[in-house]
Amino acid sequence: MDLLTRARGPARGGLAAHLREPTQVLFLALLGLVAAGWVLVALDGGQFLTLESVVGIQQRSAALGIVAVGQTLVILAGSLDLSVAYLISLASLVAAEIMAGQDGNIGPAVAAVLAVSALVGLVNGLVITRLQVHAFIATLGVALIIRGALDHLYDGPAGRVPESFQVLGYSRIGPVPVSALLWAGVAVLAWLLLSRTRLGYRIYAVGGDEEVARLSGIRTGRVVVLAHVLCSVCAGVAGLLLAARLGAGAPTVGTDGGYDLESIAAVVLGGTALAGGKGGVAGTVGGVLLLAVLDSIFNQLEVNSFVKDVVRGVVIVVAVAVYARRTRGRRA
Amino acid sequence: MLSMRGIGKSFLGVRVLSGVDLAVTAGEVHAVVGENGAGKSTLMKIVCGVHPPDEGTIELDGRPVRFGHPLEARRSGIAIIYQEFNLLPERTVAENVFLGREPVRRGLVDRAAMEEATARLLGELGEDAFGPRDVVKRLPVAQQQIVEIVKALSVDARLVVMDEPTAALAEHEVESLYRLIGRLRERGVAVLYISHRLREVFDLADRVTVLKDGSRVTTLPIGEVTPAELIRLMVGRDLGAYFPPRSARAGEVRLRLRAAGNRKLRDIDLDLRAGEIVGIAGLQGSGRSELARAIFGAEPFTTGEMTPARPRSVREGVALGIGLVTEDRKAEGLALRQSVRDNVLLVARAVGAGNRAGVRDLLERVRLAPVRRDQEVRYLSGGNQQKVVLVKWLTMAPRVLLFDEPTRGIDVGAKAAVHDLMRELADDGMAIMMISSELPELIGMSDRVVVLRDGRVAGTLPAGASEEAVMRLAAGEAA
Amino acid sequence: MRRALPILAVLAALLIAIALVNPHFLEPAGFLAFLKRAAPLVILAAGQYFVIVSGEFDLSVGSLVTAEVVIAARLIDGDESATWPVLALLVVTGLLVGLVNGVVTTRLRVPSFIVTLGMLLILSGAVFLWTGGAPRGALSDGFRVFGRGGLGPVPWSVLILLVLGATAILLMRADFGRTLMAVGDNERAAALSGVRVHRVKIFAFMLSGLAAAVAAILLGGFAGVSAQVGQGLEFSAITAVVLGGVALGGGRGSVPAAMAGAVTLEALFTLLNLYGISGALEFTVQGVIIIAAVSAAAVRLPRKSTPRTGDAHAAS
């Protein structure tokens, strides 16, 4: 019976198939955008990709990039985190208040920020897994809780970050800002986590199909909780970075940056499926860079800042539509 | 090797299993049969540690064990192959095979070791059509099944549980599975085999355990029981003849295809007549379901003729009086969380027509009357769910009704009821087309059997053709 | 209706708690004033319900409300005669935004979370681009009467709420509602039963847009023109719907329960105010209560409410 229809051979993952992955599309788009930006800015009489603008792009990307890397982890695990924006504000305040301008307090302050953010992540994760609350509602609820505490305790910037810590925000090594290095470090760690560790494999498994993961012996709840802890720690690190940049903590620094929805947008722009189980950090890095380059072009062309919002919205929707179209094309 | 005594289990206060004993010896294929709801799947999940039992003991090699998690059962050498695929489509074959127990070296996943081990297992099964790095979603269904089996073998399983493993396989793929099970048996691996298909039980099993209403009826060596006796043990009554008698009155042509085709089908000629049941046979991938979907308008024909008209959409198909009872009831037939009433009225509401007032009569006609109409359909048995799908189409009084695997996954008693209904509808003048992978059913029900191969009609056989004749046409050996 | 019972119990408890502090609350005037305040959120929740029950999200309603109010103020600019044309324009704008959300979600197969997030960015950017960063102009008295005035003792907004609420309930009982529910439960099965899935979903988004337009008209009159008028309303509306026991993901829950969820949320705000919990901590309490309420619903029916494919045949 074996000589009967031996099923057609599988489509092997060759070069052509690889080129159709969202990440490749994204980086091609990024290159295209840089080229287009160059031309546009040149026509405008300016010079794109000067040291200044590259540094600017890196600076702008760093905070969003770090949050988005964390967001990638939870989205891959099939969850999402709407509490990062308020957590960033909280982290900046915790850092600046504990540092209080003293160099000696940097260590304890950083430790406290990481502990607080890990705790918030733990709460997010436990509410989702133990109380079975949809991640959207759970993290929104936690966001409200943090917001209430912040609004209650603070009216404006507070605390002071010592000069030595502000290095993180502004200095650079050659053309590379320290903050960009920090971002790169976080991204590389997350990439390593996802592609080379058991936890990473399990994050993909839980996000891909929770039941399959469970039946394969994976303790799915624990994976989701860990992903949330890591995501919140990323938000905490972003909070540290922003505190270093501001020289103080601020109760609105997270929400002003729109880090909650923007980070989700950047992740999705990077080709990670909102439903989980598919995508990765490389795409997210590309997504963040794309948004930053877009920003930079608009800045150089001195376009009204509200146009940026409009274009950003369009870009995100169009990008995801393109991915959806490609997936469908492959299936058909 | 494995011995379970007095196993009991309840869900939400409903008793699913009570006092079940089961003993499996090394190198044995042990079949577990019973109607839906008899507790087979629950028993298997207890074996595999998915659910802990409420009562009873499990012993492995004489030592009592208690599995709190699938992982613990797997570490003891128990593996399960589920009836629905349990693979991650976005991940590679190797990643799926080692899911949940990836080998680690210095804290990092050892991908090389993982892929090597997977390749070795694939080699042992003589599988060379795909490799460890292929992404699962790009593999055909039969190869995904092999990945499932490799996943089970990779744990050095001593006991493999197979829950309806042939549900998604075509006839020839079932043969490969038989060979594989033979090889497992030689290696001293025990196999617990659950199937609705009695033929497989008699082909494969050494012993068979019958479950009914959550209790064990008996365990017998397969040589000491006949299929008829086994059915009686399962349902507790004699079902007598398998299939309702044919009536030889074929009326006018309701639907005519001439040289019809699309991307998956070519040159299809077919007539469906009032009062007739036409069976469609073919291997997996031969275009059986595609034919039904094309006639219905879900994946329309793009060339050729269809009389009275060629539908370009589902709604056009419905307007032509065509209905489709889909292959996968839960995924494509029902809105499981909605009531019986909302489900049976779905088509009528969608197209703004149909006989809504007569729903009560229709439910009575298919003998669903005792079911509350505001009951959510997910709480119904497979057989009753299928009747809901059927009534959904009957509200439209269709002229042509297409059935794709109408009895898949429903138990023996309900199967007979569905068969009776199909024949009744035909006798009332409906034209019926039926697809089934179970040849005895297909041949027993059909007034003629049209065999498809590679998207074309390979031949037509009269009522009462032999299984062998159908297989020969389907496989394309010289007829 | 059985699902609506827990939320009604919570609502009753809240109302009693409010009445204990403020006995006037349960008098007609006090209660009508409460309903008047609640009306915009309840209407938004009803609109959001249609989208959620079809299996989607609408994150754009908050920015749509802001946009509508800002547009109205700028176009009317105190001119009484412009009231009715502008009202019509607002309704059309709401429907149009819903149409775009729906078409992009269904035809281009972009998750609605992203589509409506993009719409949120586009709307807020576009409005401020047009107004130059700060809302200008003023609403006419004729416009404001919907949010402020009333027919005798009964505020217009309560009447509008009653009419829209009744319409929503009737819609869900009609063929449209039943097919919408089926789409949210099992889109493929609905499509194979002849349901025009895209059209049904697009219509749901348009209803949400319409609800946002009406809410904007009421809020504009009630709260006045500001750039913050719609801020966070999308989250409040979604929260209200979920509080009413409507599952994210679609196919479950009822319109009255969703609207009851919104009234409950508003009652919660009222209660917090009465007990003197400052505006800031109000958010904290709100967050805790939302999580508690939703988790209570989830914990009460652990398996029944979320059977996974595996458990479905485990129970057989």
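Reading the values: rules and limits
Residues numbered from 1 in each chain as written. Chains lettered and ligands numbered in written order. Predicted model: local features only at pLDDT ≥ 70, side-chain atom pairs only at ≥ 80, totals over all residues. Helix = DSSP H or I, 4+ residues; strand = E, 2+ residues; numbered from the N terminus. Rg over C-alpha atoms; globule rule 2.2 N^0.38 Å. Buried ≥ 20, exposed ≤ 12 C-beta atoms within 10 Å, placed from the backbone. Contact = placed C-beta atoms within 7 Å. Nonpolar A, V, L, I, M, F, W, Y, C, P; charged D, E, K, R; others polar. Pairing = 2+ DSSP bridges. Axes fitted to C-alpha atoms, helices over the stretch in contact; angles between N-to-C directions. Parallel < 35°, antiparallel > 145°, perpendicular 65-115°, else oblique. Left-handed = near helix turned anticlockwise from the far one by under 90°.

### Structural notes on the overall build of chain C
Part 1 of the argument: Along chain C, the regular secondary structure elements total 14 helices and 2 strands.
Part 2 of the argument: Computed over C-alpha atoms, the radius of gyration of chain C comes to 20 Å, within 12% of the 20 Å expected from 2.2 N^0.38 for 316 residues, which places it in the range of a compact globule.
Part 3 of the argument: With 316 residues in all, chain C has 54% of them scored as buried.
Part 4 of the argument: In chain C, of all internal contacts separated by at least 6 residues, the share reaching a separation of at least 24 is 80%.

### Quick notes on the interface of chain A and chain C
Part 1 of the argument: The interface is formed by 39 residues belonging to chain A together with 42 residues belonging to chain C.
Part 2 of the argument: Secondary structure elements with two or more residues in the side of chain A that touches chain C: helix 6 (135–153), helix 10 (210–215), helix 13 (259–269) and helix 15 (305–331) of chain A.
Part 3 of the argument: For the side of chain A that touches chain C, the leading source of residues is helix 15 of chain A, giving 14 residues.
Part 4 of the argument: Looking at the side of chain A that touches chain C residue by residue, the classes come out as 25 nonpolar, 7 polar and 7 charged.

### Structural notes on the sheet that holds strand 15 (residues 277–281) of chain B
All names here are of chain B.
Part 1 of the argument: One open sheet holds the 6 strands; their spatial order is 17-18-19-15-20-21, and the pairing between them is mixed. Either end of the sheet is taken by a strand with one partner, and the two such strands are strand 17 (322–325) and strand 21 (456–462). Averaged over neighbouring strand pairs, the angle between their axes works out to 20° when direction is ignored.

### Brief notes about the packing of helix 3 (residues 51–76) of chain A against helix 8 (residues 178–196) of chain A
Residue and element names in this part refer to chain A.
Part 1 of the argument: Orientation of helix 3 relative to helix 8, taken along the N-to-C sense of each, is 20°, at an axis distance of 8 Å. In this view, helix 3 runs roughly parallel relative to helix 8, as classed from their interaxial angle. At the point where helix 3 passes helix 8, the crossing takes the left-handed sense. Taking contact as the criterion, the partners of Gln 58, Gln 59, Ser 61, Ala 62, Gly 65, Ile 66, Val 69, Thr 72 and Leu 73 in helix 3 are, on helix 8, Ser 179, Ala 180, Leu 182, Trp 183, Val 186, Ala 187 and Ala 190.

### Focus: unusual backbone geometry
Part 1 of the argument: Cis peptide bonds are those with omega within 30 degrees of zero, and the linkage from Thr307(B) to Pro308(B) qualifies with 10°.
Part 2 of the argument: Although it is not a glycine, Arg109(C) adopts a positive phi angle of roughly 55°.
Part 3 of the argument: Tracing the chain through its elements places Arg109(C) in the loop between helix 4 (83–107) and helix 5 (112–131).

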